[in-house]
Amino acid sequence: MEKRQSNFELLRIVCMILIMGFHITRQTKMGEYLIGDRIDYYYSILLGSAGRFVCNTFVMIGAWFLVDSKFRAERVINLWMQIFLYSVSITVFCIVIGCKDATITTLIQACFPIFGRPVWFGSEYICLLLLTPWLNEMLVEKNQHKTKQIIKLFGILIIGCATLFPIEHVTPAFSELVWFCFLYLFIGLYKRYQFFKYEWFEKYSILWFIVGYLFLCAIRVLADYLNHEGLYRIFIHYYAHYEALLGFICSLALFFAFKNWNMRSNRFVNLVSRSTFAVYIIHQTPAFYNYMWNGIFQVNSAVESGNGVFYSLFVVVIIFVVSVCVDNIRVLVMDKFIFKCKAYQFVCKRLEKFYQ
């Protein structure tokens, strides 16, 4: 079993909370506060503006360990099964109780974790795992120069395009999987060959993150204060496009801040962190999340009654805790039954054989 480093595990938890903050402000009336609402308005912006670019940080954490690991079929199969089990069971439940977003289409999506993309990040991450043997081959010493050139070129094409043209368009040099591969190789080159070595950036990385994040939030505040549609569109672009320079720098600074933290091992943090991906799947299954926010928790009603700030924190904590508890039960069941069954072992062996 891989030894977990609690600083990175805590970072996973922080990232997931920020992602949940992003979702609750985007998918409920939490994101409709006006500048005249004062504390509620600023709270919703701070809570909901980081959820996209911390996806970069999640990939960076995974890459940090995967670049020095052999391919293991269990990683891919287990993630696929996790998405399948949660998305299918939750969607079936939603169909039974009559949720308006639960349809045959969403059920079909749930049955195909990669092609159906019930949760987009999970689908892309599975694909990234399948590519890691070849990506690691690009990181061996004899290929490092060529890989550095590729990273520089892709950095110009992807980050440059997304940064210099903050308008509504489909970035021609970008897709989620290509970007994830870029992040993987970037972190791999940094770890092995100090590709990105700037002491002033690493030393003050938490400050860089705070300044970058507040700058992003300030664009939104200024746009609302001036009632400027152009500034608002710029904010929407930069907070949604994690491949733009601002999002990339913020996510990298956050990663470095925790990487350089010599945190003692904490079993509780490690245990909770193990289930962060389950938190993501459970609260973002397409058939479920609208019912969750406003069927179970009635977030919109809380916002309208003036209790949005404290209630949203309560909701995020409850969803997180319940999801972690549910996932620990799933792990116990899978350890006892599924991981030992011949069908599971057969699939893993066939995938391992393909990569050999």
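Since we're looking at a predicted model, the values are computed, not measured. For every chain, the first residue of the written sequence is number 1, and numbering continues from 1 along that sequence. Note on the predicted model: pLDDT of at least 70 is required for a residue's local features to be given, and 80 or more for side-chain atom pairs to be given and counted; whole-chain, interface and lining totals, by contrast, use all residues. With hydrogens and water stripped out, all remaining heavy atoms of the structure feed into the side-chain values.

Okay, the state of the cysteines next. A pair of cysteine sulfur atoms is labelled a disulfide when the two atoms are within 2.5 Å. Overall, the coordinates contain 0 disulfides when judged by the stated rule. Sulfur of C15: no disulfide; nearest cysteine sulfur belongs to C55 and is 8.6 Å away. Free cysteine: C99, not disulfide-bonded; nearest cysteine sulfur from C94 at 4.0 Å.

So, about a nonpolar patch on the surface. Each patch groups residues whose relative accessible area exceeds 30% and which form no salt bridge, using 9 Å between like charges and 5 Å between nonpolar side chains of Val, Leu, Ile, Met, Phe, Trp and Tyr. For every accessible area listed, the method is Shrake-Rupley and the probe measures 1.4 Å; residues are considered covered only by the protein chains on display. By convention in these notes, a salt bridge is any Lys or Arg side-chain nitrogen within 4 Å of a carboxyl oxygen on Asp or Glu. Among the surface-exposed residues, L46, Y198, W200, Y204, I206, L207, W208, I210, V211 and L214 lie close enough to one another that they form a single nonpolar patch of about 970 Å² accessible area. Where helices and strands are cited, they refer to DSSP runs of H or I of at least four residues and of E of at least two residues respectively, numbered from the N terminus. Structurally, L214 can be placed in helix α10 (residues 205-226). Owing to a relative accessible area of 45%, L214 belongs among the partly exposed residues under this scheme. When a residue's accessible area, from a 1.4 Å probe over protein chains only, is under 20% of the maximum for its type it is buried; when over 50% it is exposed; and in between it is partly exposed.

Further remarks concern the layout of surface pockets. Of the pockets and cavities examined, the second largest pocket occupies roughly 500 Å³. Looking at the lining of the second largest pocket, the elements that each hand over two or more residues are α1 (6-26), α3 (54-66), α6 (120-138) and α14 (276-284). The nonpolar class holds Ala, Val, Leu, Ile, Met, Phe, Trp, Tyr, Cys and Pro. Asp, Glu, Lys and Arg form the charged class, and all remaining residues, Gly among them, are polar. Residues of the lining of the second largest pocket, tallied by class, amount to 15 nonpolar, 5 polar and 5 charged. Of the two site types, the cavity is a set of points on a 1 Å grid over the protein atoms alone where a 1.4 Å probe fits but cannot get out, and the pocket is an open set with protein on both sides within 12 Å along at least five of seven lines, each lined by residues with an atom within 4 Å of a point. Grid points are joined across faces, edges and corners, and a volume is the space filled by probe spheres set on the points.

The next point concerns the pattern of salt bridges. A full pass over the atoms with the stated rule returns 9 salt bridges. In this structure, the salt-bridge partner of E202 is K259, at a minimum N-O distance of 3.6 Å. With E202 in helix α9 (residues 199-203) and K259 in helix α12 (residues 245-259), this residue pair connects regions lying 57 residues apart in the sequence. The class of E202 is buried, set by a relative accessible area of 10%. Judged by relative accessible area, K259 falls into the buried class, the value being 17%. Between D327 and R330 there is a salt bridge, and its shortest N-O distance comes to 2.6 Å. In this pair, D327 and R330 both sit in helix α17 (residues 308-338), 3 residues apart, roughly one turn of the helix. Here the two residues D327 and R330 agree in accessibility, since each one is buried. Overlapping salt bridges, with partners in common, bring together D68, K191 and R192 in one network.

The next subject is the packing of α3 against α12. Taken N-terminus to C-terminus, the directions of α3 and α12 make an angle of 45 degrees; their axes are 8 Å apart at the nearest point. When the axis of α3 is compared with that of α12, the two are oblique. Crossing geometry of α3 relative to α12 is assigned as right-handed. In contact with V54, N56, T57, M60, I61 and W64 of α3, α12 contributes G247, F248, S251, L252, L254, F255 and K259. Across the contact of α3 with α12, the residue classes break down as 8 nonpolar, 4 polar and 1 charged. For helices, the axis comes from a line fit to the C-alpha atoms of the stretch in contact; other axes are also lines fit to C-alpha atoms, and the angle between any two N-to-C directions lies between 0 and 180 degrees. To sort the angles, those under 35 degrees are grouped as roughly parallel, those over 145 as roughly antiparallel, those from 65 to 115 as roughly perpendicular, and the leftovers as oblique. A crossing counts as left-handed when the near helix is turned anticlockwise from the far one by less than a right angle, and as right-handed when that turn is clockwise. It only takes one pair of heavy atoms within 4.5 Å for two residues to be counted as in contact.

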